Amino acid sequence: MSDTHDLFPGFASHWIDTEAGKIFARSGGSGPPLVLLHGFPQTHVMWHRVAAQLAEHFTVVAMDLRGYGWSAVPRSHGGEAYTKRAMGEDVVAVMAALGHVRFRVAGHDRGARVAYRLALDHPGCVEKLALLDIEPTFIVWEQREDGGDDAPHWPWLARPEPQPEQDIARDPRAYGDDKLIKWSKAHDLGIYDSRALAAYRQSFTDPLRIHAYCEDYRAGANQDRAQDEEDMKQGKTISCPVHVICGNSYLAGAPLATWRRTFAPEATGVTLDSGHFLAEENAAATLAAMKDFLL
């Protein structure tokens, strides 16, 4: 933990009690509150190249989602404890414990799915929403059913337990490293700080957390998708400003157009020269895009 603390100079560490158990977060800076939510297979550490600069303008909170990093790993079967709705409740609890009722949110990958569900469920909490490199969950499943193969890990991880857990456990480091390599534009682990990479490996090789992130994807296949589809039927949209920040080598299609025709009709967006891990692969451009929108 001390090694990654060096990546967040001046930030305080917190373990905050929630219904899921203790959630780990770092906080630093001053100004409007901004919570940063990481994706798979990473932890809050993925924000280390932009957090200090954001803290010059915001009170930044970078937290580990339940089941990831140093946060609690609630028991779960069939995705029940890892819905994005439940994870969003953790965000509300963490921010309230730190004194923030309304806040800005930036999420990447799975964290972005938590972020947009939070904005739909708790519109009074979210002032601005930055979504990094995703499309809505139900859209991804629809694309797969229409013959797309952009996210083969989704149905693989969502298979009934314990098959994916057992398969990953044979060599969890290789499985996690493969995702970090494959989804980056350079296809090279050298883009990651060695301390950050060690933190990711510490998390994604833990058997309890292997089960947790399979549960995360099981929830995506079932509860999360159903909640998205119900909101679409009701014509529900995100009420706060939304900005979609994408890399140019990971998502296919037109993500901004997809958000505009679903949950964020007035969304703005930008495409950066990057693979999936924008905040590490192209930190300067990611920081600029976030600041321009969130300030």
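Refer to the structure printed above.
Residues numbered from 1 in each chain as written. Predicted model: local features only at pLDDT ≥ 70, side-chain atom pairs only at ≥ 80, totals over all residues. Heavy atoms only, no water.

Caption draft 1: Geometry of the sheet that holds strand E5 (residues 103-108). Pairing is mixed in the open sheet, where 8 strands are placed in the order E1-E2-E4-E3-E5-E6-E7-E8. Each edge of the open sheet carries a strand with a single partner, namely strand E1 (12-18) and strand E8 (268-272). Within the sheet, the average angular offset between the axes of one strand and its neighbour, ignoring direction, is 20°. Looking at chain direction, E5 and strand E6 (residues 126-132) are connected through 5 bridges and run parallel. Bridge assignment links Phe-103 to a residue of E6, and that residue is Val-126. Contacting E1, strand E2 (21-29), strand E3 (33-37), strand E4 (59-63) and E5, helix H3 (residues 84-97) runs over the sheet at an angle of about 125° to E1. (Pairing = 2+ DSSP bridges. Helix = DSSP H or I, 4+ residues; strand = E, 2+ residues; numbered from the N terminus. Axes fitted to C-alpha atoms, helices over the stretch in contact; angles between N-to-C directions. Contact = heavy atoms within 4.5 Å.)

Caption draft 2: Broad picture of helix H8 (residues 172-182). The complete set of buried residues in H8 reads Pro-172, Tyr-175, Gly-176, Asp-177, Lys-179 and Leu-180. Buried-residue contacts for H8 involve helix H6 (153-157), helix H7 (163-169), helix H9 (194-204) and helix H10 (207-233). (Buried < 20%, exposed > 50% of the residue type's maximum accessible area, 1.4 Å probe, protein only.)

Caption draft 3: Here's a closer look at the pattern of salt bridges. Going through the model one piece at a time under the given rule, you end up with 24 salt bridges. With its nearest N and O atoms 2.9 Å apart, the salt bridge here joins Asp-121 to Arg-117. Linking Asp-121 with Arg-117, this pair stays in helix H4 (residues 110-121), spanning 4 residues, or about one helical turn. The exposure class of Asp-121 is partly exposed, given its relative accessible area of 22%. Ionic pairing is found between Arg-117 and Asp-231, a salt bridge with its closest N-O pair at 2.8 Å. Of the two residues, Arg-117 is situated in helix H4 and Asp-231 in helix H10; the sequence distance between them amounts to 114 residues. Judged by its relative accessible area of 8%, Asp-231 is buried. One salt-bridge network, held together by shared partners, links Arg-85, Arg-117, Asp-121, Asp-228 and Asp-231. (Salt bridge = Lys/Arg side-chain N within 4 Å of Asp/Glu carboxyl O.)

Caption draft 4: The arrangement of the layout of surface pockets in detail. One number sums up the size of the largest pocket: a volume of about 460 Å³. Lining the largest pocket are 31 residues, and of these Asp-150, Ala-151, His-153, Trp-183 and Tyr-250 lie nearest its centre. Put simply, the parts of the chain that give the lining of the largest pocket at least two residues each are H4, helix H5 (137-145), H6 and H8. Its residues assigned to classes, the lining of the largest pocket shows 12 nonpolar, 8 polar and 11 charged. (1 Å grid on protein atoms, 1.4 Å probe; cavity = no way out; pocket = protein on both sides within 12 Å on 5 of 7 lines; lining within 4 Å. Points joined across faces, edges and corners; volume = space filled by probe spheres on them. Nonpolar A, V, L, I, M, F, W, Y, C, P; charged D, E, K, R; others polar.)

Caption draft 5: A look at the pairing of strand E7 (residues 242-247). Among the 6 residues that make up E7, 6 are buried, leaving the element largely enclosed by the rest of the structure. Judged by which residues are buried, E7 turns out to be covered on both faces: Val-242, Val-244 and Cys-246 on one side and His-243, Ile-245 and Gly-247 on the other are all buried. Note: E6 against E7, 4 bridges, orientation parallel. If you follow Ala-130 over to E7, its bridge partner there is His-243. One ladder, built from 5 bridges, connects E7 with E8; its direction is parallel. Residue pairing in the sheet places Gly-247 in a bridge with Leu-272 of E8. Assessed by its sense of winding, the connection that carries the chain from E7 through helix H11 (residues 255-260) to E8 is right-handed. (Right-handed = clockwise from strand over helix to strand, strands pointing away.)

Caption draft 6: Main features of H9. Residues Ala-196, Leu-197, Ala-199, Tyr-200, Arg-201, Ser-203 and Phe-204 constitute the buried set of H9. Residue Asp-193 occupies the N-cap position of H9, its side-chain oxygen lying 2.8 Å from the main-chain nitrogen of Arg-195. (Polar contact = N/O pair within 3.5 Å; in protein donor to acceptor, adjacent residues only side chain to side chain.)

Caption draft 7: Region of the structure containing the pairing of E1. Pairing geometry for E1 and E2, over 7 bridges, is antiparallel. From the neighbouring strand, Ile-16 faces E2, where its bridge partner is Ile-23.

Caption draft 8: Region of the structure containing the packing of aromatic side chains. For the coordinates displayed, the defined rule picks out 15 aromatic pairs. Considering the side-chain rings of Phe-138 and Phe-263, the 5.8 Å spacing of their centres and the 65° angle between planes classify their relative orientation as edge-to-face. Of this pair, Phe-138 sits in helix H5 while Phe-263 is found in the loop between H11 and E8, placing the two residues 125 residues apart along the sequence. For the pair Phe-138 and Phe-263, a shared accessibility class is recorded, and that class is buried. Aromatic side chains Trp-156 and Tyr-175 sit 5.6 Å apart centroid to centroid with 20° between the ring planes, which places their arrangement in the stacked category. (Phe/Tyr/Trp six-rings, centres within 6.5 Å; stacked < 30°, edge-to-face > 60°.)

Caption draft 9: Quick look at the packing of H5 against H10. Between H5 and H10, whose axes approach to 8 Å, the crossing angle comes to 110°. One element, H5, and the other, H10, form an angle in the roughly perpendicular class. For the pair H5 and H10, the contacting residues are Thr-137, Phe-138, Trp-141, Glu-142 and Glu-145 in the first and Gly-220, Ala-221, Asp-224, Arg-225, Asp-228, Glu-229 and Met-232 in the second. Of the residues that constitute the contact of H5 with H10, the class distribution is 4 nonpolar, 2 polar and 6 charged. (Parallel < 35°, antiparallel > 145°, perpendicular 65-115°, else oblique.)

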